[in-house]
Amino acid sequence: MGSWISKLIRWPIYGTFLLVGLSVAMGRWMGPELERRRLRGSSPSSLVCDSGEGRQEVLFLDGDLRCLTSMRMPEGETLEAAGLSPWEDGWGHAEVAGLWLSSSGEGNDRVRVAFGLARVRYPDGEILNRVPTETLPGGPPCWVDATGDEIVFASGVGQLCRFAFTGSTDPRSSDGCDVEPTVLMWDVEVPGAISDLTRPVGTGCEGLYLASVRREQGGRGTEFGQSEIWWLRMDAKATRVVGAGRLTRTTESEELCERYPVLGRDRSGSPQLAYLSKGRGVSDWSLRLTEVVFSPASSRPIEVKGLSREVATGCVGSPAAFGGDGRVTYLMPTKSDEGGPEYRVAGVGLEEAVEVASRP
């Protein structure tokens, strides 16, 4: 009798040890695989960042270009100029980097207590790094490496800067994170103030970026002309700019302000440049498309093939997005029944528009 009771007690204990051992073994085998980063098939685009009272959400247009998804931030923390990493791990996690703001208090007594750069896990909103700095991004940053933690961004004063959240070579770093952003060096003449930096993928052109450039006028460094679309070429580590040139044609856009360049492909697979433009004194933006060609081995890696065409008017000042089937979507302003702001996701090639409200 005693032996049976002893067995009844021992076998559950043995089973527990066996299950624990199998769990540990599976964790060691699957852990590295799940943590391995891979390029996303379709990466959501950052469209709207809400930082209103009581709302700390970062909004993205999801990969199928049909709805907005949100990432909730901790109370008192906001993230603006947010850019999503081009990779995700086996858990479905990615990272978002951008301008971090921290505040305290309620209502009219709410005050900003800190600001800088932040790295946040997507989509759960866990803050991985907070880095106080006065060198702040003026738009979403780009990832230097397809699966790394280094970013490059255009600052609010028009400079190009690099920052490493891990693997820093700065001797002042104690945790592998840079202490402050580093301004990029230029091997060519700096054309002016840089904004709207973006890094296209699948072009075959190493180190290719697009940006908006406001060229200096009068040689004093304080007056700038209309914004233009330019290509930039950086070295492999994005420490310096080795080439630059205007992409859009001067004959059709001398009086236009051009911003938010994005590369994608149409339904036939032809590479296309999408950007927004508007004339002097005009408040609404127009969406323009033009075909481009790549020359990876050339000193000019990308060129437009012809004149651009206007495909939409009355757009919100925010980058368009290309879908996998060649659709191009953009934001249109509307008004909600409560009087707050809303954004209608419209598109070229969409049979119907999709109504999506922001979180005012």
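Reading the values: rules and limits
- Residues numbered from 1 in each chain as written.
- Predicted model: local features only at pLDDT ≥ 70, side-chain atom pairs only at ≥ 80, totals over all residues.
- Heavy atoms only, no water.
- Salt bridge = Lys/Arg side-chain N within 4 Å of Asp/Glu carboxyl O.
- Helix = DSSP H or I, 4+ residues; strand = E, 2+ residues; numbered from the N terminus.
- Contact = heavy atoms within 4.5 Å.
- Pairing = 2+ DSSP bridges.
- Core = buried A, V, L, I, M, F, W, Y, C linked by side-chain atoms within 4.5 Å.
- Buried < 20%, exposed > 50% of the residue type's maximum accessible area, 1.4 Å probe, protein only.
- Axes fitted to C-alpha atoms, helices over the stretch in contact; angles between N-to-C directions.

Novice: Requested: an account of the pattern of salt bridges, with residues and values cited.
Specialist: All told, the structure shown has 16 salt bridges when counted by the stated rule. The partner of D149 in a salt bridge is R119, with the nearest N and O atoms 3.6 Å apart. Of this pair, D149 sits in the loop between β10 (142-143) and β11 (150-154) while R119 sits in strand β8 (residues 111-122), and the two are 30 residues apart along the sequence. Taking the shortest distance from any N to any O, the salt bridge between D187 and R240 comes out at 2.8 Å. Highlighted residues: D187 in the loop between β14 (185-186) and β15 (192-198) and R240 in strand β18 (residues 240-246), separated in sequence by 53 residues.

Novice: How would you sum up the environment of V144? Please name residues and give values.
Specialist: Mapped onto the elements, V144 comes out in the loop between β10 and β11. Residues V144 and A236, spaced 92 residues apart in sequence, show a C-alpha to C-alpha distance of 8.0 Å. Leaving out residues up to four positions away in the same chain, V144 has contacts with E150, I151, V152, R162, R199, Y209, A236, K237 and A238.

Novice: Tell me about unusual backbone geometry, residues and numbers included.
Specialist: Following Y122, the chain continues to P123 via a peptide bond in cis, the omega torsion being 10 degrees. Mapped onto the fold, P123 is located in the loop between β8 and β9 (127-132). Positive phi, close to 55 degrees, is recorded for D196, a residue that is not glycine. Tracing the sequence through the fold places D196 in strand β15.

Novice: How would you summarise the sheet that holds strand β12 (residues 160-164) if you had to cite specific residues and measurements?
Specialist: The strand order across the open sheet formed by four strands is β10-β11-β12-β13, and the pairing between neighbours is antiparallel. Every interior strand has two partners, whereas the edge strands, β10 and β13 (182-183), have only one. Summarising the sheet, β11 and β12 pair through five bridges and their orientation is antiparallel. Bridge assignment links F153 to a residue of β12, and that residue is C161.

Novice: Which residues make up the nonpolar core, and what are the values?
Specialist: If you look at the biggest cluster of nonpolar residues, it comprises 17 residues, and the most contacted ones within it are V152, L160, I194, L197, Y209, L232 and M234. Residue assignment for this core shows that the elements contributing at least two residues are β11, β15, β16 (208-216) and β17 (224-234). Counting 16 residues, the second-largest nonpolar core is a separate cluster that includes L276, A320, F322 and A346.

Novice: A description of the sheet that holds β9 should follow, citing residues and the corresponding values.
Specialist: Backbone-to-backbone hydrogen bonds pair the strands of a sheet. The strands run either parallel or antiparallel. Strand order across the open sheet formed by four strands is β5-β7-β8-β9, with antiparallel pairing between neighbours. Single-partner strands in this sheet number two, and they are β5 (77-84) and β9. Taking each pair of neighbouring strands and ignoring which way they run, the sheet shows an average axis angle of 25 degrees.

Novice: Provide a residue-level description of the pairing of β12, including the pertinent values.
Specialist: With five of five residues buried, β12 is to be regarded as a mostly interior element. Burial along β12 is two-sided: L160, R162 and A164 facing one way and C161 and F163 facing the other are all buried. The turn joining β11 and β12, which pair antiparallel and follow one another in sequence, is formed by five residues; a positive phi near 90 degrees is taken by G158. Two elements, β12 and β13, share two bridges in a ladder whose sense is antiparallel. Bridge pairing links C161 to V183 in β13.

All quantities given are derived from atomic positions and should not be read as evidence of function.
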